[in-house]
Amino acid sequence: MKYNILAINPGSTSTKLALYENDKEIFCNTLEHSAEEIEKYDKIQDQFEMRKNLVISSLLEKGYDIKSLSAVVGRGGMVPKVKSGAYKVNETMVNRLKFNPVIEHASNLGALIAYEIANEVNISAYIYDSVRVDELKDVARISGMPEISRTSTSHALNSRAMAMKVAKMNGKKYSDMNFVVAHLGGGISVSVHEKGRMVDILADDEGPFSPERAGRVPCKELIDLCYSGEFDKKTMNKKLRGNGGLKAYLNTVDVREVEEMIERNDEKAKLVLEAMAYQVAKGIGDLSTVVEGKVDAIVLTGGIAYSKRITALIKKRVEFIAPVEIMPGENEMESLAMGIQRVLKGEEEASEYSE
């Protein structure tokens with residue numbers, strides 16, 4: 001049977017859309033939004049009509065009739081914690097994302113645009129592997145401070161999809177294997193997958209630093225910095241997310257530029273890049289203990305996984321734990337579409353969102 005699935009992934013300055021016919025990508029398009037355009041809107045929610053109209057216009061330009069669609073899937077937005085997999089978009093989810101999202105975030109628009117388009121042709125809209133996937137064990141929620149409970153916010157979509165691919169490559173089911181997955185992008189998160197559930201993570205504020213994020217830093221010194229009077233709250237938040245990591249040390253978020261510095265014998269660049277890989281390896285080691293070292297495979301994915309230098313630095317430190325599979329790229333559009341294809345085929349069941 002033929003399934004035509006439209007995937008929609010809104011980002012801060014772009015909206016990606018892709019059309020899949022079963023496993024085949026028919027087209028993929030990135031609609032860029034200029035800073036001038038985005039600044040017209042007070043809130044992300046106000047961008048809804050603009051982005052939706054651009055998606056529909058893009059489909060029309062490709063000569064595609066939405067009546068041929070089997071389903072529409074949007075990137076899962078900032079809803080309260082959910083389990084992994086597919087959720088049907090319903091009025092409860094729409095109202096949450098419109099009026100009371102956990103965080104104002106461009107991904108909130110994914111479900112809303114998908115729902116609007118799907119309703120026009122009387123088909124179902126879904127989200128898949130929201131960034132709010134939270135399957136942490138109770139023991140993993142204890143932080144050490146009763147006022148703060150650990151929660152799960154990570155690159156669940158690509159991390160789970162690549163683990164599933166590795167399982168399939170090995171002739172096994174994802175639900176029968178244990179993985180540690182490091183997603184290496186602008187932010188870095190590490191997750192451990194135990195027999196089909198993502199049971200613990202190192203989020204981008206408690207694990208390795210990345211091109212633009214500081215990761216886990218010494219708490220006492222961080223508190224001193226916060227109360228030094230030198231920086232306000234907004235600046236400190238930016239130091240952690242946006243101006244941290246490689247950007248803080250080397251004034252670039254592009255790993256390729258750092259590698260060029262290293263080729264020019266820049267010893268500082270070499271040390272900082274190795275430190276980032278070192279911290280990723282430490283994170284993988286940390287989470288391997290969650291499954292008592294019974295790890296079937298370690299997966300390195302995300303855009304930075306294209307760097308042979310970085311993956312080699314990580315691999316040499318962790319391959320004693322388990323075989324290392326390198327699956328570069330974000331793979332978000334494919335992951336969204338393939339997730340919903342499994343739902344349509346009856347291989348997975350979509351959950352009903354409720355609060």
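Structure: above.
It should be emphasised that the depicted structure is a prediction, and the values quoted were computed from it without experimental measurement. (Residues numbered from 1 in each chain as written. Predicted model: local features only at pLDDT ≥ 70, side-chain atom pairs only at ≥ 80, totals over all residues. Heavy atoms only, no water.)

Help me out: how do you make sense of helix α4 (residues 108–120) in this one?
For an α-helix, 3.6 residues make a turn, and residues three or four places apart therefore share a direction. α4 sits mainly inside the fold: 10 of its 13 residues count as buried. Along its buried surface, α4 packs onto β1 (4–10), α2 (48–61), β4 (71–75), α3 (91–99) and β6 (124–128). Count one or two residues on from α4 and you reach Asn122, which has phi positive near 60°. (Buried < 20%, exposed > 50% of the residue type's maximum accessible area, 1.4 Å probe, protein only. Helix = DSSP H or I, 4+ residues; strand = E, 2+ residues; numbered from the N terminus. Contact = heavy atoms within 4.5 Å.)

It is not clear to me how the sheet that holds strand β14 (residues 351–352) should be interpreted in this structure. Could you clarify?
Sheet strands pair by backbone hydrogen bonding; their relative direction is either parallel or antiparallel. In spatial order, the strands read β3-β2-β1-β4-β6-β5-β14; together these seven strands make up an open sheet with mixed pairing. Looking at which strands have only one partner, the edges of the open sheet turn out to be β3 (24–32) and β14. The pairing of strand β2 (residues 14–21) with β3 spans eight bridges and is antiparallel. In the sheet register, Leu19 faces β3, and the bridge partner there is Phe27. (Pairing = 2+ DSSP bridges.)

Any chance you could explain the packing of helix α10 (residues 255–263) against helix α11 (residues 267–288) here in plain terms?
Packed helices, taken two at a time, are described by the angle their axes make and the gap between the axes. Two elements in contact, α10 and α11, have axes whose closest approach is 8 Å; the angle formed by their N-to-C orientations is 135°. One finds that α10 runs oblique with respect to α11. Judged by the twist between their axes, the crossing of α10 over α11 is left-handed. When α10 is examined against α11, the residues Val255, Val258, Glu259, Met261 and Ile262 are found in contact with a partner set consisting of Ala269, Lys270, Leu273 and Met276. Here the residues of the contact of α10 with α11 sort into seven nonpolar, no polar and two charged. (Axes fitted to C-alpha atoms, helices over the stretch in contact; angles between N-to-C directions. Parallel < 35°, antiparallel > 145°, perpendicular 65-115°, else oblique. Left-handed = near helix turned anticlockwise from the far one by under 90°. Nonpolar A, V, L, I, M, F, W, Y, C, P; charged D, E, K, R; others polar.)

Help me out: how do you make sense of the packing of aromatic side chains in this one?
Aromatic rings considered in pairs are described by the distance between their centres and by the relative angle of their planes. Following the criterion strictly, the structure yields three aromatic pairs and no others. Taking 6.4 Å as the distance between ring centres and 70° as the angle between the ring planes, the aromatic pair formed by Tyr87 and Tyr353 counts as edge-to-face. Taken together, the residues Tyr87 in strand β5 (residues 86–88) and Tyr353 in the segment after β14 connect sequence positions 266 residues apart. By the burial criterion, Tyr87 is buried, and Tyr353 matches it. Against the face of Phe231 rests Lys239, its NZ or CZ located 4.7 Å from the ring centre. (Phe/Tyr/Trp six-rings, centres within 6.5 Å; stacked < 30°, edge-to-face > 60°. Lys NZ or Arg CZ within 6 Å of the ring centre and 35° of its normal.)

What's the story with the nonpolar core in this structure? I'm lost.
As a rule of thumb, soluble globular proteins bury nonpolar side chains together. Residues Leu6, Leu59, Leu69, Val72, Val89, Met93 and Ile117 are the most contacted members of the largest nonpolar core, which totals 38 residues. Residue assignment for this core shows that the elements contributing at least two residues are β1, β2, β3, α2, α3, α4, β6 and β11 (197–202). Of all the elements, α4 adds the most residues to this core, at eight residues. The residues touching Leu69, leaving out its near neighbours within four places in the chain, are Asn4, Ile5, Leu6, Leu19, Tyr64, Ile117 and Ile123. (Core = buried A, V, L, I, M, F, W, Y, C linked by side-chain atoms within 4.5 Å.)

I tried to follow the environment of Ile326 on my own but got confused; where do I start?
One can find Ile326 in strand β13 (residues 324–328). Classification of Ile326 as partly exposed rests on a relative accessible area of 35%. Here the alpha-carbon distance between Ile326 and Gly244, two residues 82 residues apart in the chain, equals 26 Å.

Any chance you could explain the side chain of Arg141 here in plain terms?
Turning to its location among the elements, Arg141 is positioned in helix α5 (residues 138–141). Its relative accessible area of 16% is what places Arg141 among the buried residues. The residues touching Arg141, leaving out its near neighbours within four places in the chain, are Lys81, Asp134, Leu136, Ser149, Arg150 and Thr151.

Is there a simple way to think about empty space enclosed by the protein in this case?
Taking a probe equal in size to a water molecule and rolling it over the atoms shows the remaining empty space. Summed over the entire model, instances satisfying the criterion amount to one cavity of 30 Å³ or more. In this structure, the largest cavity encloses a volume near 50 Å³. Listed by contribution, the elements that provide at least two residues to the lining of the largest cavity are α3 and α4. When residues in the lining of the largest cavity are grouped by element, the largest group, three residues, is from α4. In the lining of the largest cavity, the residues fall into five nonpolar, two polar and two charged. (1 Å grid on protein atoms, 1.4 Å probe; cavity = no way out; pocket = protein on both sides within 12 Å on 5 of 7 lines; lining within 4 Å. Points joined across faces, edges and corners; volume = space filled by probe spheres on them.)

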